[in-house]
Amino acid sequence: MVELSGILGVTAVALGMVLTPGPNMIYLVSRSITQGRRAGMVSLGGVALGFMVYLLAANLGLSVFFVAVPGLYFAVKLAGAGYLAHLAWNALKPGGFSVFAPQDVPHDSPRKLFTMGLMTNLLNPKIAIMYLSLIPQFIDLDRGHVLLQGLVLGSVQIVVSIAVNLAVVLAAGAIAVFLERRPYWLKVQRYAMGTVLGTLAVSLAVDNSGPVRAS
């Protein structure tokens, strides 16, 4: 039903976006460093629920949207490419900062940590655009079951994002110390992720294939 190329494409997009510092990573890292790994994992639970909300909401609409109006696929794709280019510039531009720098924040209850993780993800425009503009391009209408394809591809994104964020939560303290002592590696991380996102943006912008083309 879903080709390997689609799964690999979503994996690449998910990796490129989750490894680019954004609201989710900043929140998870700050909590893990200041309040411990347990707080980071509780916060990650809220982030995971946010992904599931987006997954269901986006796919229930997109399963009808792209079948009824496939011509709008190209406009949506260009919007996604533009946002990837924006993220690439933010990663590559001078004056970037490290999300692993310790911050002075108050300790919160598990309930508040979970809720804040959920809200941080739901209010993250990067996640909304990923579900509405990027993941749908890997759906092949010729294979049918559009809703199921969207759920499978979205689930791939969730697994990738949660796995990376969990690793970040568990290693936040050690990473913070490492980057504090070796600022050069921070630049390497920024330039590597900026290059990946920029390449994906160009690839999307020049791709003339439509949503119904079989791979």
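Note that the coordinates shown come from a computational prediction; the quantities given were computed from them, not determined experimentally.

Caption draft 1: How the structure looks around the packing of aromatic side chains. Applying the stated criterion to the full structure yields one aromatic pair. Pairing Tyr-54 with Tyr-131 gives two aromatic rings, centres 6.2 Å apart and planes at 10°, and the pair type is stacked. With Tyr-54 in helix 3 (residues 37-68) and Tyr-131 in helix 6 (residues 125-134), this residue pair connects regions lying 77 residues apart in the sequence. For Tyr-54, a relative accessible area of 17% puts it in the buried group. Since its relative accessible area comes to 2%, Tyr-131 is described here as buried.

Caption draft 2: Just a nonpolar patch on the surface, in detail. Together, Leu-49, Met-52, Val-53 and Phe-114 give the surface a local cluster of nonpolar side chains, amounting to about 310 Å² of exposed area. At three residues, helix 3 tops the list of elements feeding residues into the nonpolar patch. For Met-52, the position within the fold is in helix 3.

Caption draft 3: Quick peek at the environment of Val-2. Of note, Val-2 is situated in the segment before helix 1 (4-18). Each C-alpha atom of the pair Val-2 and Phe-138 lies 8.8 Å from the other, and the pair is 136 residues apart in sequence. In this view, Val-2 contacts Ile-7, Gln-149, Val-152 and Leu-153; residues no more than four positions away in its chain are not counted.

Caption draft 4: Looking closely at helix 2 (residues 23-35). Over its 13 residues, helix 2 extends 18 Å from the first C-alpha to the last, a length consistent with the 18 Å expected when each residue adds 1.5 Å. Those residues of helix 2 lying buried are Asn-24, Met-25, Tyr-27, Leu-28, Val-29, Ser-30, Arg-31 and Ser-32. Where helix 2 terminates, the next one or two residues include Gly-36, which has phi positive at roughly 105°.

Caption draft 5: Expanded view of the packing of helix 2 against helix 5 (residues 110-122). Orientation of helix 2 relative to helix 5, taken along the N-to-C sense of each, is 160°, at an axis distance of 9 Å. When the axis of helix 2 is compared with that of helix 5, the two are roughly antiparallel. Considering only the axes of helix 2 and helix 5, their crossing is right-handed. Side by side, helix 2 and helix 5 meet where Pro-23, Asn-24, Tyr-27, Arg-31 and Gln-35 of the first sit next to Lys-112, Leu-113, Met-116, Gly-117, Thr-120 and Asn-121 of the second. A per-class count over the contact of helix 2 with helix 5 returns four nonpolar, five polar and two charged.

Caption draft 6: View of the environment of Val-156. By the element assignment, Val-156 lies in helix 7 (residues 146-181). Separated by 145 residues in sequence, Val-156 and Thr-11 have C-alpha atoms that sit 6.8 Å apart. The contacts of Val-156, once residues within four sequence positions are left out, are Ile-7, Val-10 and Thr-11.

Caption draft 7: Seen up close, the confidence of the model for the protein. Averaged over every residue, the pLDDT of the protein is 76; the share at 70 or more is 74%. Taken as a whole, residues 211-215 scores under 50 in pLDDT and shows 14 contacts with residues more than four places along the chain or in a different chain.

Caption draft 8: Main features of the nonpolar core. Counting 32 residues, the largest nonpolar core has Val-13, Phe-51, Ile-127, Met-130, Tyr-131, Ile-135 and Leu-153 as its most contacted members. With eight residues, helix 7 is the largest single contributor of residues to this core. Once residues lying within four places of it in the same chain are set aside, the contact partners of Ile-135 are Val-10, Met-130, Leu-153, Gly-154 and Gln-157.

Reading the values: rules and limits
Residues numbered from 1 in each chain as written. Predicted model: local features only at pLDDT ≥ 70, side-chain atom pairs only at ≥ 80, totals over all residues. Heavy atoms only, no water. Phe/Tyr/Trp six-rings, centres within 6.5 Å; stacked < 30°, edge-to-face > 60°. Helix = DSSP H or I, 4+ residues; strand = E, 2+ residues; numbered from the N terminus. Buried < 20%, exposed > 50% of the residue type's maximum accessible area, 1.4 Å probe, protein only. Patch = residues over 30% accessible without salt bridge, like charges linked within 9 Å, V, L, I, M, F, W, Y side chains within 5 Å. Areas by Shrake-Rupley, 256 points an atom, 1.4 Å probe, with all protein chains shown as cover. Salt bridge = Lys/Arg side-chain N within 4 Å of Asp/Glu carboxyl O. Contact = heavy atoms within 4.5 Å. Expected span 1.5 Å × (residues − 1). Axes fitted to C-alpha atoms, helices over the stretch in contact; angles between N-to-C directions. Parallel < 35°, antiparallel > 145°, perpendicular 65-115°, else oblique. Left-handed = near helix turned anticlockwise from the far one by under 90°. Nonpolar A, V, L, I, M, F, W, Y, C, P; charged D, E, K, R; others polar. pLDDT = per-residue confidence, 0-100. Core = buried A, V, L, I, M, F, W, Y, C linked by side-chain atoms within 4.5 Å.

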